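Per-entry structural report
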Amino acid sequence: MAEKFPKVEGGGSLILAWQVKNKKVLVVGGGEVAAGRVLNLLNADAKVTVISPRDGLNDEVAYRIDHREVQYFDRKFEPSDLDDDQITMVLTAVDDPEASSQIWKLCKERKIAANIADVPPECDFYFGSVHRDGPLQIMVSTNGNGPKMANIVRRRIAANLPPNIGNAIAKVGELRKKLRAVAPGNDQGPKRMKWYVAVVMLFKSTKLTYSRMSNVCLQWSLEDLCDMEEEDMSQLLQYYTPDKVPSLNQIRLGDDPDEWKFDGSFGWACVV
Ligand SMILES: C[C@@]1(CC(=O)O)C2=NC(=C\c3[nH]c(c(CCC(=O)O)c3CC(=O)O)Cc3[nH]c(c(CC(=O)O)c3CCC(=O)O)/C=C3\N/C(=C\2)[C@@H](CCC(=O)O)[C@]3(C)CC(=O)O)/[C@H]1CCC(=O)O
Ligand SMILES: NC(=O)c1ccc[n+]([C@@H]2O[C@H](COP(=O)([O-])OP(=O)(O)OC[C@H]3O[C@@H](n4cnc5c(N)ncnc54)[C@H](O)[C@@H]3O)[C@@H](O)[C@H]2O)c1
């Protein structure tokens, strides 16, 4: 018999999307691993400081420093580097296990979250293998079992994604923002979410699951979403107040016989 609630399966990680925008992060080390860490951090708009002797710098880290993408100190780590309560996180990637352990202990004394590359027990969090396409990020973790496998799984997932998915998500983001402007109140919350989900489900019912659905009159495709212009979005948003979800043709051509009322079920819209 199926369980009523999901079964707990311990031993995993809590996977989150940490918002480090404008927050200070210290990276100790300037080699190949540090280069990857720095890129991840800059992609998340963090304020990055790198501490590493110049002669140990990898070309990519040197490039970030030369282009002032990071703040830089040309020396080894010193405990006083942690004397800044604005530091949100410390990442070490040094080829010196003693220095690594010392940094971990100091971070714990100061309650700063830290990742010590190479030493899983000395990590408050692990990195994962990340696929990025505009606003879309997919992280794969094997929870320390096999980082190379994480890389392989991530590539396989990415290869199976529709090519326009990042753009489509960006458009949905724009639409969602505009919808909030049209219906800002908290009291609109449930209606706003229901209508928005109905619109997104129309797009889900098309290219993402296409062949099985081919007898159903499909109204939106991923490409349609990507092609949405300002004008299309304003047209679409006019259907929010009467709680209707139009077809793309209706938005573009204004013909209304196909119009259907959203009945609250997130099923398929069938226009015959
Ligand atoms: C995913 C990725 C993200 C990133 O680092 O950004 C990542 N490691 C990557 C690559 C990679 N790392 C290593 C190899 C060599 C081959 C091999 O060992 O497999 C390769 C492969 C390569 O280089 O191709 C060596 C290695 N790594 C760790 C140890 C220590 C240990 O296991 O004890 C050792 C042994 C050192 C030694 O033996 O001396 C530990 C960790 N590495 C993690 C993440 C965390 C667990 C993530 C997970 O389990 O999913 C964790 C626990 C902590 C952390 O680093 O956060 C990135 C792939 C990104 C991508 O390409 O997409
Ligand atoms: N994702 C992972 O977890 C992963 C993957 C591969 C390797 N590693 C491990 O991570 C560590 C770093 O790997 P790498 O390839 O970048 O090494 P690397 O030799 O290219 O770089 C080490 C860097 O640390 C700097 N450094 C050394 N001591 C320092 C100190 N006290 N203060 C500041 N900087 C210092 C060096 O100048 C150099 O820039 C190694 O121990 C490696 O085995 C981890």
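Computed from a predicted structure; not experimentally measured.

Here we look at the UniProt feature "domain: Siroheme synthase central" (unreviewed entry) in the protein
Per the UniProt entry, the sites bearing "domain: Siroheme synthase central" (unreviewed entry) are residues 133–159 in this numbering. Along residues 133–159 one finds 48% helix and 22% strand; the C-alpha atoms at either end are 12 Å apart.

Description of the confidence of the model for the protein
Considering every residue of the protein, the mean pLDDT works out to 86; 85% of them sit at 70 or more. Scored below 50 in pLDDT, residues 206–218 shows 15 contacts in the model against residues more than four places distant or in partner chains. In this model, residues 257–272 is a region of pLDDT below 50 whose contacts with residues beyond four sequence positions or in other chains number 30 contacts. In the predicted complex, the global pTM is 0.86; the interface-specific ipTM is 0.94.

Topic: unusual backbone geometry
The phi angle of most residues is negative, glycine excepted, and most peptide bonds adopt the trans form. Residues other than glycine seldom take positive phi values, yet Asn22 does so here, at roughly 60 degrees. Residue placement: Asn22 occurs in the segment before β1 (24–28). Using a count of 9 C-beta atoms within 10 Å as the deciding quantity, one classes Asn22 as exposed. Look at Asp243: it is not a glycine, yet its phi comes out positive at around 60 degrees. One can find Asp243 in the loop between α8 (230–237) and β8 (244–245).

Concerning the site of ligand 2
Among the 22 residues in the neighbourhood of ligand 2, the closest are listed as Gly29, Gly30, Gly31, Val33 and Gly56. Broken down by element, the shell around ligand 2 gets its largest block of residues, three residues, from helix α1 (residues 32–43). Residue composition of the shell around ligand 2, grouped by class: 11 nonpolar, six polar and five charged.

Quick word on helix α5 (residues 165–182)
For α5, which comprises 18 residues, the first-to-last C-alpha distance of 26 Å matches the rise-based estimate of 26 Å (1.5 Å per residue) to within 8%. Asn167, Ala168, Lys171 and Leu179 are the residues of α5 that are buried. The arc that holds the buried residues of α5, viewed along the axis, is 120 degrees, so those residues lie on one side. Opposite the buried face of α5, at more than 90 degrees from it, the exposed residues are Gly173, Lys177 and Ala181.

Looking at the nonpolar core
One finds Val25, Val27, Val28, Val38, Val50 and Val90 to be the most contacted residues of the largest nonpolar core, which totals 27 residues. Those elements giving two or more residues to this core turn out to be β1, α1, β2 (47–51), β4 (87–92), α3 (97–109) and β5 (113–116). If you look at the next biggest cluster of nonpolar residues, it comprises five residues, including Trp195, Val199, Leu202 and Val245.

Examining the pairing of β2
Where β1 and β2 come together, five bridges link them in parallel fashion. Within β2, the position partnered with Leu26 by the bridge is Thr49. A crossover connection joins β1 to the parallel β2 through α1; in handedness this β-α-β unit is right-handed. The sheet contact formed by β2 and strand β3 (residues 71–73) spans three bridges and is parallel.

Considering the site of ligand 1
Close to ligand 1 lie 21 residues; Phe127, Ser129, Thr142, Pro147 and Ala150 are nearest. Ranked by residues supplied to the shell around ligand 1, first place goes to helix α4 (residues 147–159) with five residues. Partitioned by chemical class, the residues of the shell around ligand 1 number seven nonpolar, 11 polar and three charged.

Here's the deal with the domain arrangement of the protein
Structurally, the protein comprises domain 1 (24–127), domain 2 (130–161) and domain 3 (165–261). The interface of domain 2 with domain 3 comprises five residues on the first partner and six residues on the second. Across the side of domain 2 that touches domain 3, the residue classes break down as three nonpolar, one polar and one charged.

Digging into the sheet that holds β1
Taken together, five strands build an open sheet; the order of strands is β3-β2-β1-β4-β5 and the sheet is parallel. Every other strand in the sheet has two partners, leaving β3 and β5 as the edge strands with one partner each. Taking the axes of each pair of neighbouring strands and ignoring which way they run, one obtains an average angle of 15 degrees across the sheet. Seen against the sheet, α1 touches β1, β2 and β4 and runs at an angle of roughly 165 degrees to β2. Along the sheet face, α3 touches β1, β4 and β5 and points at about 165 degrees away from the line of β5.

What counts, and at which threshold
- Residues numbered from 1 in each chain as written.
- Chains lettered and ligands numbered in written order.
- Predicted model: local features only at pLDDT ≥ 70, side-chain atom pairs only at ≥ 80, totals over all residues.
- UniProt positions renumbered as here; feature names shortened; annotations may be inferred.
- Helix = DSSP H or I, 4+ residues; strand = E, 2+ residues; numbered from the N terminus.
- pLDDT = per-residue confidence, 0-100.
- Contact = placed C-beta atoms within 7 Å.
- Buried ≥ 20, exposed ≤ 12 C-beta atoms within 10 Å, placed from the backbone.
- Near = placed C-beta within 6 Å.
- Nonpolar A, V, L, I, M, F, W, Y, C, P; charged D, E, K, R; others polar.
- Expected span 1.5 Å × (residues − 1).
- Arc of directions from axis to C-beta.
- Core = buried A, V, L, I, M, F, W, Y, C linked by C-beta atoms within 7 Å.
- Pairing = 2+ DSSP bridges.
- Right-handed = clockwise from strand over helix to strand, strands pointing away.
- Domains from an automatic or database assignment.
- Axes fitted to C-alpha atoms, helices over the stretch in contact; angles between N-to-C directions.

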